[in-house]
Amino acid sequence: MSVTIKMENVKKSFSRFEALRNVDLEIQSGEILGLLGPSGAGKSTIIKILTGQLDPSSGTVMIFGESSEQVKQSKTRKRFGVLTDNSGLYKRLSIEENLKMYCDLYDLPVSALDEALEFVNLVSSKKKKVSELSRGMMQRVTLARAILHKPELLFLDEPTSALDPVNTHHIHEGLRKLNARGTTILLTTHDMYEAEALCHRVAFLHEGEIRESGSPEELKDAYRNDVIEVELTCGESHELPVNQVATMDKMREWAAAQRIRRVHSNEPTLGDLFMRVTGGELS
Ligand code: ADP
């Protein structure tokens, strides 16, 4: 695997306010990495720096082995796609007409249009006017637009924020299919379920710093608290340490008296871990 994105010691200040402090981040090709953090953590600022919309105050940023300065000027820009929330779609035109304009603009074959719509499950709706679409469907069109040119790398800033479950599902499915085709994906989210469902690795961003990173499984393993919770039929609930003879004796005793209602493994969620690592909440 090669490194697609590398950020080292990246800082970004707005006047005196430090939005990013010493961000180190590496993304391997073929990975889906989720930047997980609450509003104001610095997620969009990272995406803006990586996509050349903002310059870092200091530190180095490399994309496909090129510096961010080179990326701004070179053909490398064509190797990535960006999805942000400002859709910029023409409401009076159909989905197809909107995307066709982009195909013309970027010299892409019209076949790219159906292929991109396939990813977000919108081929059958392509004649619909954008003005008739729900916010979620518009977001799917925006995603289709971002992948028309088959980018190797895709940046998504809060791709499903405030969308209903059906549209969220279509977007997630599209992203999984794109990733299976080899697309590297960096997405930002404050939704721990989204991070867990989609990402090979997550990075916890808190007050402009990456405080922890790893696969959801690795993180859960590293921070698991090794207790099980046993709920009894009388309504009592007990936390017992795992792998202890005394725990097994107690369980045997309760089981013999048919007193066990439920046993929970107490596996932490990514939200629990975020709070334990950063002391802050995700939203
Ligand atoms: P997130 O995407 O995680 O919600 P942002 O990256 O948008 O966070 O913002 C991080 C912090 O930087 C916030 O406190 C925000 O107010 C501040 N910030 C972002 N952009 C600017 C800007 N252009 N000028 C001043 N402050 C900014």
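Every residue gets a number counted from 1 within its own chain, in the order that chain's sequence is written. In keeping with the predicted nature of the model, local features appear solely for residues at pLDDT of at least 70, side-chain atom pairs appear and are counted solely at 80 or more, and the whole-chain, interface and lining totals rest on all residues. To get the side-chain values, all heavy atoms of the structure are used, and hydrogens and water are removed first.

> Any chance you could break down the site of the ligand for me, citing the residues and the numbers?
Residue proximity to a molecule or strand is established when one non-hydrogen atom of the residue lies within 4 Å of it. Every residue lining the ligand is accounted for by F14, F17, A19, P38, S39, G40, A41, G42, K43, S44 and T45. Polar contacts, as counted here, are pairs of nitrogen or oxygen atoms within 3.5 Å of one another; within protein the pair requires one atom able to donate a hydrogen and one able to accept it, and residues that are adjacent in sequence qualify only if both atoms are side-chain atoms. A distance of 3.1 Å separates an oxygen atom of the ligand from a polar backbone atom of A41. A distance of 2.5 Å separates an oxygen atom of the ligand from a polar atom in the side chain of T45. A 1.4 Å probe and the Shrake-Rupley method give the accessible areas. Residues count as covered only by the protein chains that appear here. Look at the ligand: alone it shows 560 Å² of surface, and the protein chains cover 58% of it. Elements are defined by DSSP. Helices are runs of H or I of four residues or more, strands are runs of E of two residues or more, and each kind is numbered from the N terminus. Of all the secondary-structure elements, those providing two or more residues to the shell around the ligand are β2 (17–28) and α1 (43–50). If one sorts the elements of the shell around the ligand by residue count, α1 sits on top with three residues. Ten residue types, Ala, Val, Leu, Ile, Met, Phe, Trp, Tyr, Cys and Pro, are classed as nonpolar, four, Asp, Glu, Lys and Arg, as charged, and the remainder, Gly among them, as polar. Residue classes in the shell around the ligand are distributed as five nonpolar, five polar and one charged.

> Let's hear about the environment of I147: which residues, and what values?
Positionally, I147 belongs in the loop between α5 (135–146) and β7 (153–157). Once the C-alpha coordinates of I147 and L113 are considered, the two residues, 34 residues apart in sequence, prove to be 9.4 Å apart.

> Any details on the sheet that holds strand β4 (residues 58–63)? Residues and values, ideally.
With antiparallel pairing, the four strands of this open sheet are ordered in space as β2-β1-β4-β5. Sheet topology places β2 and β5 (66–67) at the edges, where each strand pairs with a single neighbour. Here, strands pair whenever DSSP counts at least two bridges between them. Looking at chain direction, strand β1 (residues 3–14) and β4 are connected through five bridges and run antiparallel. When the sheet's bridge partners are listed, I5 is paired in β4 with I63. Helix-sheet contacts for α1 involve β1, β2 and β4, and the interaxial angle to β1 is about 120°. The contact criterion used is simple: two residues touch if any of their non-hydrogen atoms lie within 4.5 Å. Angles run from 0 to 180 degrees between N-to-C directions of axes, and those axes are lines fitted to C-alpha atoms, restricted for helices to the stretch in contact.

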